[in-house]
Amino acid sequence: MQFGLDFNLVEELVAGVDEVGRGPLCGPVVTAAVILDPARPIEGLNDSKKLTEARREALFDEIREKAVAWCIARAEVEEIDQLNILHATMLAMQRAVEGLSVTPRLALIDGNRCPKLAVPSAPVIQGDAQVPAIAAASIMAKVSRDREMQALDLCYPGYGLAGHKGYPTPSHLEALRRLGPTPIHRRSFAPVRAMLEQVSIEVEVPTSVLLV
């Protein structure tokens with residue numbers, strides 16, 4: 001993989017930051033911050049979505065071993081519903097950078113905006129395909145969240161969480177209609193909110209019914 005953009009990435013203590021899980025109907029949004037070690041290069045870093053699951057898993061372990069520092073953080077479903085998904089994502093990114101065991105000199109954020117940080121930062125559109133540290137962060141976040149959704153599939157069988165990871169696939173929407181929302185579903189997301197409103201209407205007792 002050839003990375004573009006010259007951000008003086010040969011310098012140490014540049015953190016890459018990325019997220020996974022903005023689109024799903026359930027589960028947390030997960031972020032990661034990674035500071036790579038120029039002396040210990042990692043081959044094959046790329047946007048996590050372009051890698052096979054097996055390759056992501058292998059790189060996850062290699063990043064943990066070779067990075068100067070890494071941190072995986074999150075915003076919970078309740079925070080997503082309270083703040084909205086954008087602000088919850090920014091909060092999770094902030095937590096990831098603040099959780100690093102080494103303070104970076106610069107944080108490069110995948111996307112077009114940055115969270116509020118105590119260190120200098122810059123957004124990089126499609127950064128997970130251009131900046132190695134961001135690619136590493138995308139892998140860390142995705143593997144971590146995928147593993148959690150596989151575990152949650154055992155807690156909430158019937159929704160297919162291990163397969164679609166909470167994204168609004170036809171099978172997930174059908175399961176949601178059939179089984180109703182779980183505690184890990186995001187109430188502020190339209191399909192879940194509509195389902196809750198429908199259930200509320202169905203159980204409402206008509207005012208014309210008199211108790212005798």
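- As recorded in an unreviewed UniProt entry, the protein chain goes by the name Ribonuclease HII, listed as coming from Stutzerimonas frequens.
- The annotation that UniProt attaches to the protein chain under Catalytic activity (unreviewed entry) is "Endonucleolytic cleavage to 5'-phosphomonoester."
- On record in UniProt, under Function (unreviewed entry), the comment for the protein chain is "Endonuclease that specifically degrades the RNA of RNA-DNA hybrids."

1. Considering the overall build of the protein chain
And then number 1: Of the regular secondary structure elements, the protein chain holds 7 helices and 5 strands.
And then number 2: Overall, the protein chain shows an N-to-C arrangement of helices and strands of β-β-α-β-α-α-β-β-α-α-α-α.
And then number 3: Taking all 212 residues of the protein chain together, the buried fraction comes to 44%.
And then number 4: Partitioning the intrachain contacts of the protein chain with sequence separation of at least 6 by distance along the chain shows that 63% fall at a separation of at least 24.
And then number 5: Looking at the protein chain as shown, the accessible area adds up to about 10,900 Å², and 55% of this sits on carbon and sulfur atoms.

2. A few points about the layout of surface pockets
And then number 1: For the second largest pocket, the calculated volume is near 200 Å³.
And then number 2: Lining of the second largest pocket is provided by 14 residues; of these, Glu 19, Val 20, Gly 21, Lys 49 and Tyr 167 occupy positions nearest its centre.
And then number 3: Listing elements by their share of the lining of the second largest pocket, those giving two or more residues are strand S1 (14–20) and helix H4 (132–155).
And then number 4: Of all the elements, S1 adds the most residues to the lining of the second largest pocket, at 3 residues.
And then number 5: Of the residues assigned to the lining of the second largest pocket, the class counts are 2 nonpolar, 4 polar and 8 charged.

3. Here's the deal with empty space enclosed by the protein
And then number 1: With the rule as written, the count across this model stands at 1 cavity of 30 Å³ or more.
And then number 2: In this structure, the largest cavity occupies an estimated 40 Å³ of space.
And then number 3: Along its surface, the largest cavity is lined by Glu 53, Arg 56, Glu 57, Val 143, Asp 146, Arg 147 and Gln 150.
And then number 4: Secondary structure elements with two or more residues in the lining of the largest cavity: helix H1 (53–66) and H4.
And then number 5: Residue contributions to the lining of the largest cavity peak at 4 residues, all from H4.

4. Let's talk about the environment of His 164
And then number 1: Inspection of the secondary structure assignment puts His 164 in helix H5 (residues 161–164).
And then number 2: Sequence-wise, His 164 and Asp 146 are 18 residues apart; in three dimensions their C-alpha atoms are separated by 9.4 Å.
And then number 3: Polar contacts involving the side chain of His 164 include one to the main-chain carbonyl oxygen of Tyr 159, which spans 2.5 Å.
And then number 4: Engagement of the side chain of His 164 in a polar contact is seen with the backbone nitrogen of Gly 166, the distance being 2.9 Å.

5. Observations concerning the pairing of strand S4 (residues 106–110)
And then number 1: Here S4 lies mainly inside the structure; 4 of its 5 residues are buried.
And then number 2: As judged from the 4 bridges shared by S1 and S4, these two strands associate in the parallel manner. Looking at the pairing, Val 14 lines up with Leu 106 of S4.
And then number 3: With 4 bridges connecting them, S4 and strand S5 (residues 121–124) associate as parallel partners.

6. Points about H1
And then number 1: Along its 14 residues, H1 runs 20 Å from first to last C-alpha, staying within 8% of the 20 Å computed at 1.5 Å per residue.
And then number 2: Taken together, the buried positions of H1 are Arg 56, Leu 59, Phe 60, Glu 62 and Ile 63.

7. Thoughts on the sheet that holds S4
And then number 1: Across the sheet, which stays open at both edges, the 5 strands sit in the order S3-S2-S1-S4-S5 with mixed pairing between neighbours. The sheet is open, and its two edges are formed by strand S3 (69–75) and S5, each paired on a single side. Averaged over all pairs of adjacent strands, the angle between their axes in this sheet comes to 20 degrees, without regard to strand direction.
And then number 2: Helix-sheet contacts for H4 involve S1, strand S2 (29–35), S3, S4 and S5, and the interaxial angle to S1 is about 35 degrees.

8. Considering the UniProt feature "binding site: a divalent metal cation" (unreviewed entry) in the protein chain
And then number 1: When the UniProt feature table is mapped onto this chain, "binding site: a divalent metal cation" (unreviewed entry) is found at Asp 18, Glu 19 and Asp 110. Their sequence span is 93 residues, while the largest C-alpha to C-alpha distance among them is just 7.9 Å; these annotated residues converge on one region. Of the annotated residues named above, the ones that line the second largest pocket are Asp 18, Glu 19 and Asp 110.
And then number 2: For Asp 18, a relative accessible area of 2% translates into the label buried.
And then number 3: In contact with Asp 18, not counting residues within four places along its chain, are Val 30, Thr 31, Ala 32, Met 93, Asp 110, Asp 128, Ile 134, Ala 137, Ser 138 and Ala 141.
And then number 4: Residue placement: Glu 19 occurs in strand S1.
And then number 5: Ignoring any residue separated from it by four or fewer positions in sequence, one finds Glu 19 in contact with Val 29, Val 30, Thr 31, Thr 89, Met 93 and Ala 141.

Conventions adopted
- Residues numbered from 1 in each chain as written.
- Predicted model: local features only at pLDDT ≥ 70, side-chain atom pairs only at ≥ 80, totals over all residues.
- Heavy atoms only, no water.
- UniProt positions renumbered as here; feature names shortened; annotations may be inferred.
- Helix = DSSP H or I, 4+ residues; strand = E, 2+ residues; numbered from the N terminus.
- Buried < 20%, exposed > 50% of the residue type's maximum accessible area, 1.4 Å probe, protein only.
- Contact = heavy atoms within 4.5 Å.
- Areas by Shrake-Rupley, 256 points an atom, 1.4 Å probe, with all protein chains shown as cover.
- 1 Å grid on protein atoms, 1.4 Å probe; cavity = no way out; pocket = protein on both sides within 12 Å on 5 of 7 lines; lining within 4 Å.
- Points joined across faces, edges and corners; volume = space filled by probe spheres on them.
- Nonpolar A, V, L, I, M, F, W, Y, C, P; charged D, E, K, R; others polar.
- Polar contact = N/O pair within 3.5 Å; in protein donor to acceptor, adjacent residues only side chain to side chain.
- Pairing = 2+ DSSP bridges.
- Expected span 1.5 Å × (residues − 1).
- Axes fitted to C-alpha atoms, helices over the stretch in contact; angles between N-to-C directions.

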